[in-house]
Amino acid sequence: MSRIPVTSRYPLFILMFNLFIALLGQGMVIPILPDYLKLFDAAGTAAGYLVAAFGAAQFLFSPIGGQLSDRFGRKKMIMSGLFLTVLSDYMFAVSHSLSFLYAARFIGGIGLGLMVPSVMAYVADCTTTKTRAKGMGYLSAAMNLGMVLGPGLGGIIAEFGIRMPYFFAAGLGLAATLLTGLLPETQTRQLQQPARLRSEREPLKQQIVNSFRTPYFRYLLLILVMTFGLANYETVYALFVEQKYAFDAREISVIITIGAIVGVVVQVWLLDRIVRRFGEIRVIRLSLILSACTLLLMLVRVNQAYLLVISALFFAFNAFLRPTASTIIANMAEGRQGYASGLNTTYTSLGNMIGPIFAGVLFDIQLNLPYIMGAFILLGAFGLTIERKMRNEGRIYNDGGVMAQKPEE
């Protein structure tokens, strides 16, 4: 299969635009959801169920999306997932019952579950082991930028009507869907056939169980742990800062936005250079330690400037983790990029589901506990990177996550 170099901007730009639009749409609804739910005489409980419905759908359908992209091609699954997010946003905009909102969010979760692993697999198809970290970093940056800009844009558009942000998100999603039609397919018929046969031999319900036996299982666990830690940070951050520093919503929004922008800058301009210099495993190890340290430093109350610096450092160190681990998983997938990317997204979704629950419970006990637990979990994840050589059917992966030649017996 011919590879499209990561420096070929056209396909990568479309993929980044897809993820940016999908996450922008999700971010746009955050600031207006409480007021929107008042139309349905609903409040916090309903909001929690809506988040759960979205997360559960993404968790269930991510492995399916990865498997289907191996069988039928990346492009079809990306377009299908995008279209479902369009349908979800439109349903949310025209809903007049709470049950319809739940259905809309579940459909949106399915769409993201189909699209994200397919996009990651597409990048894995058209990059080499040397350029893959850069491609994964660009994807993560696009997702983060969408989440950063989404809330502010949603608040502005909501001034024209409480339902307008959902219509706007649907329109952007439709444009992204049509633009995806211009992408070349990377999963050729010759590659689809073996993937189809492998998928038929492996029942879908066994995918999660079988992930325990993949050579990259430790990195799936790493994805789960780092997502869990980030969810701890994000879920209670506003409440934590409000109670510890007495900051208002505007000040909190500025801190989060600046921190997230720092993360985007790291992923676009620094990630590839750092990984090339030190290797994936060393970058992950250092990032785990420094991310944990910044979580603990959050507990020290100083002033707004101190909090801004610590938050920016956390986003910067965390920005190295997910794309670097995703690169190692893709390098070890050996032709099943969609399957591996689906598992990657599934473990991410699992972290996003259980992280907020633990964070909320611990915060109610003591406001510092979510960050203490998050720090120790990140430090504990260091153990997943200790074994130097990881064998996979006669192949050896070194500290850089790159396949090395097995010595002669």
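Residues numbered from 1 in each chain as written. Predicted model: local features only at pLDDT ≥ 70, side-chain atom pairs only at ≥ 80, totals over all residues. Heavy atoms only, no water.

Rules: UniProt positions are given in the numbering used here, feature names are shortened, and annotations may be inferred rather than shown by experiment.
An unreviewed UniProt entry lists the chain under the name MFS transporter, with Paenibacillus faecis as the source organism. Per UniProt, the chain carries the Sequence similarities (unreviewed entry) text "Belongs to the major facilitator superfamily. TCR/Tet family." Turning to the chain, the UniProt record has this under Subcellular location (unreviewed entry): "Cell membrane".

## Here's the deal with the overall build of the chain
Our working rule: Each helix is a run of H or I in the DSSP string that is no shorter than four residues. Each strand is a run of E no shorter than two, and both are numbered from the N terminus. Partly exposed describes any residue whose relative accessible area lies between the buried limit of under 20% and the exposed limit of over 50%, with all areas from a 1.4 Å probe on protein chains only and scaled to the type maximum. Contact criterion: two residues are considered in contact whenever any of their non-hydrogen atoms come within 4.5 Å of each other. Surface accessibility in these figures is a Shrake-Rupley result with a 1.4 Å probe; residues are shielded only by whichever protein chains are displayed.
Of regular secondary structure, the chain possesses 16 helices and 3 strands. Each of the 409 residues in the chain was classed as buried or not, and the buried ones make up 54%. Counting only contacts in the chain whose residues sit at least 6 apart along the sequence, the fraction spanning at least 24 positions is 84%. Accessible area of the chain: about 17,800 Å², with a carbon and sulfur share of 66%.

## Regarding the confidence of the model for the chain
How we decide: Residue-level confidence of the predictor, termed pLDDT, takes values from 0 up to 100.
For the chain, per-residue confidence averages 79 on the pLDDT scale, and residues scoring 70 or more make up 84% of the total. Between the elements of the chain, mean pLDDT differs from a low of 40, seen in strand E2 (residues 395-397), to a high of 93, seen in helix H13 (residues 280-297). Considering only residues more than four positions removed or in separate chains, one finds that residues 195-201, a stretch of pLDDT under 50, has 11 contacts. Per-residue pLDDT stays below 50 along residues 389-409; that stretch engages in 45 contacts with residues further than four places along the chain or on separate chains.

## Brief notes about the pattern of salt bridges
This is how the line gets drawn: Salt bridges are defined as contacts in which a side-chain nitrogen from Lys or Arg sits within 4 Å of a carboxyl oxygen from Asp or Glu.
Inspection of the entire model under this criterion finds 3 salt bridges. Salt-bridge contacts for aspartate 125 lead to arginine 74; the nearest nitrogen and oxygen are separated by 2.6 Å. One end of the pair, aspartate 125, is in helix H5 (residues 98-125); the other, arginine 74, is in helix H4 (residues 74-94), and 51 residues separate them in sequence. With respect to burial, aspartate 125 and arginine 74 carry one shared label: buried. Of the charged contacts, one joins aspartate 272 and arginine 276 as a salt bridge, the two residues approaching to 3.0 Å between their closest N and O atoms. Linking aspartate 272 with arginine 276, this pair stays in helix H12 (residues 249-278), spanning 4 residues, or about one helical turn. Looking at aspartate 272, the relative accessible area reads 12%, which means it is buried. For arginine 276, a relative accessible area of 52% corresponds to the exposed category. Within the structure, one salt-bridge network assembled from shared partners comprises Asp70, Arg74 and Asp125.

## Side note on empty space enclosed by the protein
Stated precisely, the cut-off is as follows: A cavity, in this analysis, means grid points on a 1 Å lattice covering only the protein atoms where a 1.4 Å probe fits yet has no way out; a pocket is instead an open set bounded by protein on both sides within 12 Å along at least five of seven lines, and a residue lines either one if it has an atom within 4 Å of a point. Grid points are joined across faces, edges and corners, and a volume is the space filled by probe spheres set on the points. Side-chain classes are defined by residue name, with Ala, Val, Leu, Ile, Met, Phe, Trp, Tyr, Cys and Pro counting as nonpolar, Asp, Glu, Lys and Arg as charged, and the others, Gly among them, as polar. Throughout the structure description, domain borders are defined by an automatic or database domain assignment.
All chains considered together, the criterion is met by 4 cavities of 30 Å³ or more. Roughly 70 Å³ of internal volume is contained in the largest cavity. Residue lining of the largest cavity: Leu19, Val116, Met120, Met136, Leu139, Ser140, Met143, Arg322, Pro323 and Ser326, and that is the complete set. Listing elements by their share of the lining of the largest cavity, those giving two or more residues are H5, helix H6 (132-157) and helix H14 (304-332). Counting residues per element, the lining of the largest cavity draws most heavily on H6, at 4 residues. Per-class residue counts for the lining of the largest cavity are 7 nonpolar, 2 polar and 1 charged. Of the residues that make up the lining of the largest cavity, three or more belong to each of domain 1 (1-182) and domain 2 (202-386). Looking at the second largest cavity, its volume works out to about 50 Å³. Surrounding the second largest cavity, Ile21, Ala22, Gly25, Gln26, Leu82, Thr85, Asp89, Ala169 and Gly173 form its lining. No other element matches helix H1 (residues 9-28), which puts 4 residues into the lining of the second largest cavity. Of the residues in the lining of the second largest cavity, the class split is 4 nonpolar, 4 polar and 1 charged.

## Some details on the side chain of asparagine 331
What counts is decided by this rule: Pairs of N or O atoms within 3.5 Å make up the polar contacts considered here, provided that, within protein, one atom can donate a hydrogen while the other can accept it, and that residues adjacent in sequence are counted only when both atoms are side-chain atoms.
Among the structural elements, asparagine 331 can be located in helix H14. Residue class for asparagine 331 comes out buried when judged on its relative accessible area of 11%. One polar contact links asparagine 331 to arginine 132, side chain to side chain, over a distance of 2.5 Å.

## Observations regarding the packing of H4 against H5
The test is simple: Axis angles are defined between N-to-C directions and span 0 to 180 degrees, where every axis is a line fitted to C-alpha atoms and, for a helix, only to the segment in contact. Roughly parallel means an angle under 35 degrees; roughly antiparallel, over 145; roughly perpendicular, 65 to 115; everything else is oblique. The crossing is said to be left-handed when, going from far helix to near helix, the turn is anticlockwise and less than a right angle, and right-handed when the turn is clockwise.
Where H4 meets H5, the axes come as close as 7 Å, and the angle between the chain directions of the two elements is 155°. Comparing their axes, H5 and H4 come out roughly antiparallel. The element H4 and its partner H5 pack so that their crossing is left-handed. Grouping the constituent residues of the contact of H4 with H5 by class yields 20 nonpolar, 6 polar and 3 charged.

## Some details on a nonpolar patch on the surface
Quick note on the threshold: A patch consists of residues exposed above 30% relative accessible area that lack any salt bridge, with like charges linked at up to 9 Å and nonpolar side chains (Val, Leu, Ile, Met, Phe, Trp, Tyr) linked at up to 5 Å.
A surface patch of nonpolar side chains, amounting to about 440 Å² of accessible area, comprises Tyr90, Phe160, Met164 and Phe167. Looking at the secondary structure, you find tyrosine 90 in helix H4. We classify tyrosine 90 as partly exposed; its relative accessible area is 45%.

## Examining the packing of aromatic side chains
The criterion, for reference: Geometry of aromatic contacts follows a simple scheme: Phe, Tyr and Trp rings, the Trp one being its six-membered ring, pair when their centres are within 6.5 Å, and the pair is stacked under 30 degrees between planes, edge-to-face over 60, tilted otherwise. Both a distance and an angle decide whether a charge sits over a ring: NZ of Lys or CZ of Arg must be within 6 Å of the ring centre and within 35 degrees of the ring normal.
Considering all chains together, one arrives at 12 aromatic pairs under this definition. Judged by centre distance (6.2 Å) and plane angle (80°), the rings of phenylalanine 314 and phenylalanine 315 are edge-to-face. Each of the two residues, phenylalanine 314 as well as phenylalanine 315, counts as buried. The ring of tyrosine 245 has arginine 301 lying over it, and the distance from NZ or CZ to the ring centre is 5.5 Å.

## Looking at the packing of H4 against helix H7 (residues 164-180)
Running from N to C, H4 and H7 cross one another at 165°; their axes reach a closest spacing of 8 Å. The orientation of H4 with respect to H7, classified from their angle, is roughly antiparallel. Handedness of the crossing formed by H4 with H7: left-handed. On the side of H4, the interface is formed by Lys75, Ile78, Met79, Leu82, Phe83, Val86, Asp89, Tyr90, Phe92, Ala93 and Val94, while H7 contributes Tyr166, Phe167, Ala169, Ala170, Gly173, Leu174, Ala176, Thr177 and Thr180. Taken together, the residues of the contact of H4 with H7 sort by class into 15 nonpolar, 3 polar and 2 charged.

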